Amino acid sequence: MNIKQICSQASATTERFERELLLTHALNQPRAYLYSHPEKELSQTEFELFNQLLQRREQGEPIAYILGETEFYSLKFYITPAVLIPRPETELLIDYVLENFKQKKLCMWELGTGSGIISVTLARHRPDWDITATDISEEALDVAKKNAHFHKAHNIKFIKSNWYEGLDSAKADLIISNPPYVAENDTHLNELRFEPSLALISGKEGMDAIKTIIQEAKTHLKSNGWVLLEHGYDQAKWVQNSFRENQFSEIKTMDDLNHHPRMTIAKNV
Ligand code: GLN
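Nothing here was measured: the structure is a model prediction, and the numbers come from that model.

### A few points about helix H4 (residues 44-58)
Okay, so step 1: Given a rise of 1.5 Å per residue, 15 residues ought to cover 21 Å, and the 21 Å separating the end C-alpha atoms of H4 matches this to within 8%.
Okay, so step 2: Every buried residue of H4 is listed here: Phe50, Leu53 and Leu54. In a view along the axis of H4, the buried residues occupy a sector of 100°, so they form one face of it. Turned more than 90 degrees away from the buried face of H4 sit Gln44 and Thr45, all of them exposed.

### Observations regarding the sheet that holds strand S7 (residues 221-230)
Okay, so step 1: Read across the sheet, seven strands follow the order S5-S4-S3-S6-S7-S9-S8 without closing on themselves; strand pairing throughout is mixed. Edge strands, defined here as strands with exactly one partner in the open sheet, are strand S5 (156-160) and strand S8 (248-255). On average, each strand axis in the sheet is tilted by 15° relative to the strand beside it, whichever way the strands run.
Okay, so step 2: Summarising the sheet, S7 and strand S9 (residues 261-268) pair through five bridges and their orientation is antiparallel. Of the residues in S9, the one forming a bridge with Glu230 is Met263.
Okay, so step 3: Strands strand S4 (130-135) and S5 of the sheet are contacted by helix H8 (residues 138-150), whose axis makes an angle of about 170° with S5.
Okay, so step 4: In the packing of helix H10 (residues 208-220) onto the sheet, the strands contacted are strand S3 (107-111), strand S6 (172-177), S7, S8 and S9, and the crossing angle to S7 comes to about 165°.

### Notes on the packing of H10 against helix H11 (residues 236-245)
Okay, so step 1: Remark: H10 packs on H11, axes separated minimally by 9 Å, with the N-to-C direction vectors making an angle of 25°. One element, H10, and the other, H11, form an angle in the roughly parallel class. H10 and H11 meet at a crossing whose hand is right-handed. Only Trp238, Val239, Ser242 and Phe243 of H11 make contact with H10, whose side of the interface consists of Ile210, Lys211 and Ile214.
Okay, so step 2: Each residue belonging to the contact of H10 with H11 can be placed in one class, and the counts come to five nonpolar, one polar and one charged.

### A word on the site of the ligand
Okay, so step 1: In the neighbourhood of the ligand, the contacting residues comprise Leu84, Arg87, Glu89, Asn178, Pro179, Pro180, Tyr181, Val182, Leu192, Ala199 and Leu200.
Okay, so step 2: In the model, a nitrogen atom of the ligand is placed 2.7 Å from a nitrogen or oxygen of the Pro179 main chain.
Okay, so step 3: For the ligand, whose unbound accessible area comes to 300 Å², protein coverage reaches 87%.
Okay, so step 4: Of the residues belonging to the shell around the ligand, the class tally is eight nonpolar, one polar and two charged.

Reading the values: rules and limits
Residues numbered from 1 in each chain as written. Predicted model: local features only at pLDDT ≥ 70, side-chain atom pairs only at ≥ 80, totals over all residues. Heavy atoms only, no water. Helix = DSSP H or I, 4+ residues; strand = E, 2+ residues; numbered from the N terminus. Expected span 1.5 Å × (residues − 1). Buried < 20%, exposed > 50% of the residue type's maximum accessible area, 1.4 Å probe, protein only. Arc of directions from axis to C-beta. Pairing = 2+ DSSP bridges. Axes fitted to C-alpha atoms, helices over the stretch in contact; angles between N-to-C directions. Contact = heavy atoms within 4.5 Å. Parallel < 35°, antiparallel > 145°, perpendicular 65-115°, else oblique. Left-handed = near helix turned anticlockwise from the far one by under 90°. Nonpolar A, V, L, I, M, F, W, Y, C, P; charged D, E, K, R; others polar. Near = heavy atom within 4 Å. Polar contact = N/O pair within 3.5 Å; in protein donor to acceptor, adjacent residues only side chain to side chain. Areas by Shrake-Rupley, 256 points an atom, 1.4 Å probe, with all protein chains shown as cover.

As structure tokens, then:
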């Protein structure tokens, strides 16, 4: 079979697009190649590889894991099943930080960095910030380090750590986290079955990680430092109360593109 025949077997536009991506992966060629070489016949090996990839996709595996990469904030990121696939709502978190934290020098920590998308993207835009990114998973840290290296983000220090473990007191100007926040019996988890539960699930109500991050934040922040958290669409009230109970001020929640309250920021004063 040739490239044109394989692509035209798709019925829907998205299906065709995905076929094209899988083909580029199987052939190890850029997408433009498919258009410049429509008559290229696939070798037996290429065809088998393409079919294996297609089968994985048909069984529901996210395309980012099959391709081993995805895009976030217009940057390419390497991805494995050890880390979450970046979500568009997290791009809003980046927008918020870039709009509101314009200082040239700043000490930022990211807790639970996963693939490193937040730290690496911010490091690209703020090369003089002093960034520390943690994760409890060694495999996730390997992915994050690879992404930092790929993007030449030299101002990030990576630490294997369970939330604040091993981090100094009164040090950070800004603590950011997109922690696991899904409840352990959430019905959506079936759709997320290919992603690491360590990065998704956090106790009965999905609040355990957020609780730890907020409760211990004051010890680690400088005065006038900030905490910015992504959270579940139904957790904003609880997160705000938790910040209030821990004597934070200027608590503010922002919506995602679907108008769900998705991230909350608070100040240490
Ligand atoms: N927003 C993700 C989802 O619901 C969850 C990400 C997370 O737990 N940090 O699919």
